[in-house]
Every structure is written in C-alpha cells, then in structure tokens.
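One-letter residues, chain by chain:
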There are 2 protein chains.
Amino acid sequence: MKKHDHTKLLSDVTGQMPADEELAELSELFSVFGDTTRIKILWALFESEMCVCAIAELLKMTQSAISHQLKLLKHAKLVGCRREGKTVYYYLADDHVRRIIDQGMEHISE
Amino acid sequence: MKKHDHTKLLSDVTGQMPADEELAELSELFSVFGDTTRIKILWALFESEMCVCAIAELLKMTQSAISHQLKLLKHAKLVGCRREGKTVYYYLADDHVRRIIDQGMEHISE
DNA sequence: CCTATATATGAATGATTGTTCATATGATAA
DNA sequence: TTATCATATGAACAATCATTCATATATAGG
C-alpha cells in the first residue's frame, strides 16, 4: 500500500505561512510573557508605573532579578521607563500588553 | 536620608493581583506560544486540520519532534485531535488561539 | 500469524534561561 | 570629596526544554 500523500494540502498551507523571521519574532514575544516573574511585573504595572525597588519589594525578589527581567521587557517593547533623580520608573508601553494577557486569561478560565 | 518608601502603592497593587496559581497558569500558557515550532504548527492548523506526518513534512522536521510538541499543545488545550484509522488529525481547539496570535502579530508589526 | 504505516513515548544530550552574587554606574546630599 | 541610595550588568550555576534516537503501541491488509 502507498504511503500517505499530502502534497496538495502542503502547498496550500505553505502559501499562507508568514516568513520564518516573522514567526521567530512572534514566538520570542510570547516567550517574554512565558515567565511568572515577568507576568507579575506586567500585572503590577496595570495599576500604575512603579520604580524598580517597589516591584522588587512587591514580588519579594532581589533588585537584581527584577532589573534583569525589566531589561527583557523593555527590549520586547512591552514596557518603557523614565528616570527621576535616582529612581527609574517603569510603565506599560501600550495596550497590546493588556489585550494579550486578557486573551490568555480568557483561555485558561474555561 | 531615608530609604525610598512605597507601602501605600504596594498595598494598592497587591489587592489587584490574581493568585499566584492563576498567574503561573497564565505564564505556562504563553510559554506554549513561545516556541517557533509550536507557532508554526498552530499557524498551519489555521488553514485546516492536519495529520502528524503532514505537519512534519511541512516543517521539515522529524515525526517524533512534532509528536512531542503536539502533546504539549494538546495539554494546553490549544489543539484537539481525532483518529481515523492509522492517522491522527489535529485541529485548533478554539478561537482564542487565533486571537492571541493576532494580538501578538499586531504588537510586533509596529 | 507477519508486515507495513502512523503515531507515541522514554531517555539522553546540548542549548537556553532565571536567579544569585559581586560589582559597576548614576545621582543626590553632606 | 565621601557616603549612601537606586539601578544596571557580567559571570556562574542550576534548572528547564527542544530535539534526536531507539523503541513501543496502534491500526490495517495480506
């Protein structure tokens, strides 16, 4: 008996797929959401902008750990920051963050 | 000079945060989207349900690798499957998958 | 029964990643 | 300047994870 064939299906699907580079960017973005610490940071920023040491205190984690994660979040353009004297305040970059997290919450609460 | 104080802010924010368990579930969900192979599989299933070997052929990866990833996707309830003789067809579980990926795409294309 | 095809799975491995620790930079006040 | 607070960063380590390989299960046909 012949092997399973799906050349027709494959050519259809291939045409619809974005470039590898774009898909890699997309999965990298979701990776940033894929960590409890970062999710907590984002959720905290829903309420208001916060300085690094406040976030560290809130999550009961070291300032260093938070700083490293904020760097990732900033690189992914999910947060922005502004300096005021010694302290640096971080805030949500835009509404996509809320919407993405909302959709995620909808999925797990079923 | 005194140390920076933010007890007021912290109590406000703490009240709004979901339970740790829920946030862990959420980050686990996004972790599943945080891999190029799995994103490609989901995107392929946008078009139509597909059997394991068709997906493997499409992504030019081994059947084993795809099968392992499908297991993760199924566990996260992002895909479902049905058996028809020897072949098993996988399909998107619901519309949240599309919406989450759409929001992600919107964010990176700016 | 035996063979072939399709899929699943456990163990091993190499790569990635989150946190810690030590330290560096930046900013303010005395 | 010196001291202190706030933040950033590089290196190291432990833990997690995606793929491969070998093998097991499942279904169909002869």
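Residues numbered from 1 in each chain as written. Chains lettered and ligands numbered in written order. Predicted model: local features only at pLDDT ≥ 70, side-chain atom pairs only at ≥ 80, totals over all residues. Heavy atoms only, no water.

Asker: When you look at the protein's contact with DNA strand C in this model, what are you seeing that I'm missing?
Answerer: For DNA strand C, the set of nearby residues contains 27 residues, the closest of which are His 4, Ser 64 and Gln 69 of chain A together with Ser 64 and Tyr 90 of chain B. For DNA strand C, the backbone makes up 61% of the atoms found within 4 Å of the protein, where backbone means sugar plus phosphate. In this structure, a base nitrogen belonging to DNA strand C sits 2.8 Å away from a side-chain N or O atom of Gln 63 of chain B. A distance of 3.1 Å separates a phosphate oxygen of DNA strand C from a polar atom in the backbone of Val 88 of chain B. (Near = heavy atom within 4 Å. Polar contact = N/O pair within 3.5 Å; in protein donor to acceptor, adjacent residues only side chain to side chain.)

Asker: Explain the packing of aromatic side chains here, please?
Answerer: For any two aromatic rings, the description comes down to two numbers: the centre-to-centre distance and the angle of the planes. The final tally for this structure, using the stated rule, is five aromatic pairs over all chains. Ring geometry for Phe 30 of chain A and Phe 33 of chain B: centres 5.2 Å apart, planes at 45°, overall tilted. Here the residue Phe 30 of chain A occupies a position in helix 2 (residues 20-33), and Phe 33 of chain B occupies one in helix 2 (residues 20-33), the pair thus bridging two chains. Here Phe 30 of chain A and Phe 33 of chain B have matching classes, each one buried. Ring centres of Trp 43 of chain A and Phe 46 of chain A lie 5.3 Å apart, and the angle between their planes is 50°; this geometry places the pair in the tilted category. Taken together, the residues span about one helical turn, with Trp 43 of chain A and Phe 46 of chain A both in helix 3 (residues 36-47) at a distance of three residues. Here Trp 43 of chain A matches Phe 46 of chain A in class, with each residue buried. Through pairs of rings, three or more aromatic residues link up here, namely Phe 30 and Phe 33 of chain A together with Phe 30 and Phe 33 of chain B. (Phe/Tyr/Trp six-rings, centres within 6.5 Å; stacked < 30°, edge-to-face > 60°. Helix = DSSP H or I, 4+ residues; strand = E, 2+ residues; numbered from the N terminus. Buried < 20%, exposed > 50% of the residue type's maximum accessible area, 1.4 Å probe, protein only.)

Asker: What is the right way to read the side chain of His 107 of chain A from this model?
Answerer: The topology assignment puts His 107 of chain A in helix 6 (residues 96-108). Here His 107 of chain A falls in the buried class, since its relative accessible area comes to 6%. With residues near it in sequence (within four places) discarded, His 107 of chain A still touches Leu 29, Ala 76, Lys 77, Leu 78, Asp 94 and His 96 of chain B. (Contact = heavy atoms within 4.5 Å.)

Asker: Even after reading the chapter, I still don't get the protein's contact with DNA strand D, so can you show me in this structure?
Answerer: Surveying the vicinity of DNA strand D reveals 27 residues, the closest of which are Ser 64 of chain A together with His 4, Thr 37, Ser 64 and Gln 69 of chain B. Taking the atoms of DNA strand D that fall within 4 Å of the protein, sugar and phosphate contribute 62% of them. Here a base nitrogen of DNA strand D sits 2.7 Å away from a polar atom, N or O, in the side chain of Ser 64 of chain B. Separating a base oxygen of DNA strand D from a side-chain N or O atom of His 68 of chain B is a distance of 3.3 Å. At the level of secondary structure, the elements contributing two or more residues to the surface near DNA strand D comprise helix 4 (52-59), helix 5 (63-75) and strand 3 (87-92) of chain A together with helix 3 (36-47) and helix 5 (63-75) of chain B. Among the residues making up the surface near DNA strand D, the classes are represented as eight nonpolar, twelve polar and seven charged. (Nonpolar A, V, L, I, M, F, W, Y, C, P; charged D, E, K, R; others polar.)

Asker: Can you help me understand a negative patch on the surface in this one?
Answerer: Residues Glu 21, Glu 22, Glu 25 and Glu 28 of chain A make up a contiguous surface patch of negative charge. For Glu 21 of chain A, a relative accessible area of 66% corresponds to the exposed category. (Patch = residues over 30% accessible without salt bridge, like charges linked within 9 Å, V, L, I, M, F, W, Y side chains within 5 Å. Areas by Shrake-Rupley, 256 points an atom, 1.4 Å probe, with all protein chains shown as cover. Salt bridge = Lys/Arg side-chain N within 4 Å of Asp/Glu carboxyl O. Lys, Arg positive; Asp, Glu negative; His and termini not counted. Charge placed at Lys NZ, Arg CZ, Asp CG, Glu CD.)

Asker: Which parts of the structure should I look at to understand the pairing of strand 3 (residues 87-92) of chain B?
Answerer: Residues and elements named next belong to chain B. For strand 3, the buried fraction is high: five of the six residues fall into the buried class. Across two bridges, strand 1 (residues 50-51) lies against strand 3 in antiparallel orientation. Across the sheet, Cys 51 pairs through a bridge with Tyr 89, a residue of strand 3. Across six bridges, the pairing between strand 2 (residues 79-84) and strand 3 is antiparallel. Across the sheet, Glu 84 pairs through a bridge with Thr 87, a residue of strand 3. Taking the residues between adjacent antiparallel strands as the criterion, strand 2 and strand 3 are bridged by two residues, where Gly 85 takes a positive phi near 70°. (Pairing = 2+ DSSP bridges.)

Asker: So what exactly am I meant to see when it comes to the interface of chain A and chain B here?
Answerer: Much of the literature gives interface size as the accessible area that the parts lose upon coming together. Taken together, the contacts link 56 residues of chain A with 56 residues of chain B. On the chain A side of the contact with chain B, Phe 30, His 96 and His 107 of chain A bury the most area, a combined 13% of that side's loss. Our count for the chain A to chain B interface comes out at 16 residue pairs in polar contact (both at pLDDT 80 or more). Counting residues per element, the ones that place at least two in the side of chain A that touches chain B are helix 1 (7-16), helix 2, helix 3, strand 1 (50-51), helix 4, strand 3 and helix 6 of chain A. Counting residues per element, the side of chain A that touches chain B draws most heavily on helix 2 of chain A, which supplies eleven residues. Its residues assigned to classes, the side of chain A that touches chain B shows 28 nonpolar, 14 polar and 14 charged. (Buried area = accessible area lost by both parts, 1.4 Å probe.)

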